[in-house]
Amino acid sequence: MSKITELVTDLARPVVEENGCSLWDVEYLKEAGSWYLRLYIDKEGGVSIDDCEAVSRAVDPLLDEADPIPDAYTFEVSSAGADRPLKKPEHFAAFLGAQVDVKFYQAWNGQKSCTGTLVGYDGGDVILDLDGAQVTLSKKDVAAVRLHLSF
């Protein structure tokens, strides 16, 4: 899978950038028996449906030509979203100081999730400020990290 996402990333990034956006992430996964290739894009001021359409129309023929995926799949382009997942070191670096929601594989301190201020990222370990205390959460315990939405 990672080879496919790497190939698609290399193929799509220049086109996404030509359309005034940045490539946040590429996913290739199976859901409900069907394969999906998803590009998540970002842009200062937010991503519109027109941005998603323009990127989709520009990348789709390149995917057809390069044919990096032998199986049938559905191609989608989406905004990274306000509550975007943080997966890569550069994602964490971009949002130092932001509130994040962390989900755990198993209960940590009696809870399956927590919300804190992101203060660091070190080799997969997530460092949070939780109510004034700095806590390092091990990569092996963290299932997902997303930007926190507050209303």
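Just above sits the structure.
Residues numbered from 1 in each chain as written. Predicted model: local features only at pLDDT ≥ 70, side-chain atom pairs only at ≥ 80, totals over all residues. Heavy atoms only, no water.

Engineer: How should the overall build of the protein chain be read in this particular structure?
Structural biologist: Along its length, the protein chain carries three helices and eight strands. Mapped in sequence order, the helices and strands of the protein chain form the string α-β-β-α-β-α-β-β-β-β-β. In terms of overall dimensions, the protein chain has a C-alpha envelope of 50 × 35 × 30 Å along the principal axes. Expressed as a percentage of its 151 residues, the buried residues of the protein chain come to 37%. Look at the contacts in the protein chain between residues 6 or more apart in sequence, and 49% of them connect residues 24 or more apart. As displayed, the protein chain has an accessible area near 8900 Å², and 48% of this comes from carbon and sulfur atoms. (Helix = DSSP H or I, 4+ residues; strand = E, 2+ residues; numbered from the N terminus. Buried < 20%, exposed > 50% of the residue type's maximum accessible area, 1.4 Å probe, protein only. Contact = heavy atoms within 4.5 Å. Areas by Shrake-Rupley, 256 points an atom, 1.4 Å probe, with all protein chains shown as cover.)

Engineer: Explain the packing of aromatic side chains here, please?
Structural biologist: The geometry of an aromatic ring pair is captured by two quantities: the separation of the ring centres and the angle between the planes. In total, this model carries four aromatic pairs according to the counting rule given. For the ring pair Trp 24 and Phe 95, a centre distance of 6.1 Å and an interplane angle of 70° mean the geometry is edge-to-face. Placement of Trp 24 in strand E1 (residues 22-31) and of Phe 95 in the loop between helix H3 (89-94) and strand E4 (99-108) is noted, with a sequence separation of 71 residues between them. Geometrically, the ring pair formed by Tyr 28 and Trp 35 is stacked, given 4.6 Å between the ring centres and 15° between the ring planes. The same class applies to Tyr 28 as to Trp 35, namely buried. Over the ring of Tyr 36 we find Arg 38; its NZ or CZ atom is 4.8 Å from the centre of that ring. Above the face of the Trp 24 ring, Arg 84 is positioned so that its terminal group lies 4.7 Å from the ring centre. (Phe/Tyr/Trp six-rings, centres within 6.5 Å; stacked < 30°, edge-to-face > 60°. Lys NZ or Arg CZ within 6 Å of the ring centre and 35° of its normal.)

Engineer: I'm lost on unusual backbone geometry in this one. Help?
Structural biologist: In most cases, non-glycine residues show a negative phi, while peptide bonds are predominantly trans. Non-glycine residue Ala 32 carries a positive phi angle of around 50°. Position of Ala 32 relative to the elements: it lies in the loop between E1 and strand E2 (34-42). With a relative accessible area of 87%, Ala 32 lands in the exposed category. The phi dihedral of Asp 131 is positive, around 55°, even though this residue is not glycine. Within the secondary structure, Asp 131 is located in the loop between strand E6 (125-130) and strand E7 (133-137). For Asp 131, a relative accessible area of 85% gives the class exposed.

Engineer: I'm lost on the side chain of Asp 51 in this one. Help?
Structural biologist: Tracing the chain through its elements places Asp 51 in helix H2 (residues 49-66). Apart from residues no more than four positions distant in its own chain, Asp 51 is found in contact with Cys 21, Ile 41, Lys 43 and Gly 46.

Engineer: Teacher, can you tell me more about the pairing of E1 here?
Structural biologist: Successive side chains on a regular strand alternate, one facing one side of the sheet and the next facing the other. In terms of strand pairing, E1 meets E2 through nine bridges, oriented antiparallel. Residue Val 26 lies in a different strand from E2, and its bridge partner there is Leu 39. Between the end of E1 and the start of E2, which pair antiparallel, lie two residues, with Ala 32 showing a positive phi angle near 50°. (Pairing = 2+ DSSP bridges.)

Engineer: I would appreciate a short explanation of the sheet that holds strand E3 (residues 74-79) in the present structure.
Structural biologist: The strands making up a sheet are joined through hydrogen bonds of the backbone, oriented either antiparallel or parallel. A sheet is described by the order of its strands in space; here three strands give the open sequence E1-E2-E3, paired in mixed fashion. The open sheet is flanked by E1 and E3, the only strands paired with a single partner. Averaged over all adjacent pairs, the angle separating strand axes in this sheet is 20°, with direction ignored. H2 contacts E2 and E3 of the sheet and is inclined by roughly 145° relative to E3. (Axes fitted to C-alpha atoms, helices over the stretch in contact; angles between N-to-C directions.)

Worth remembering: the numbers are spatial, not functional.
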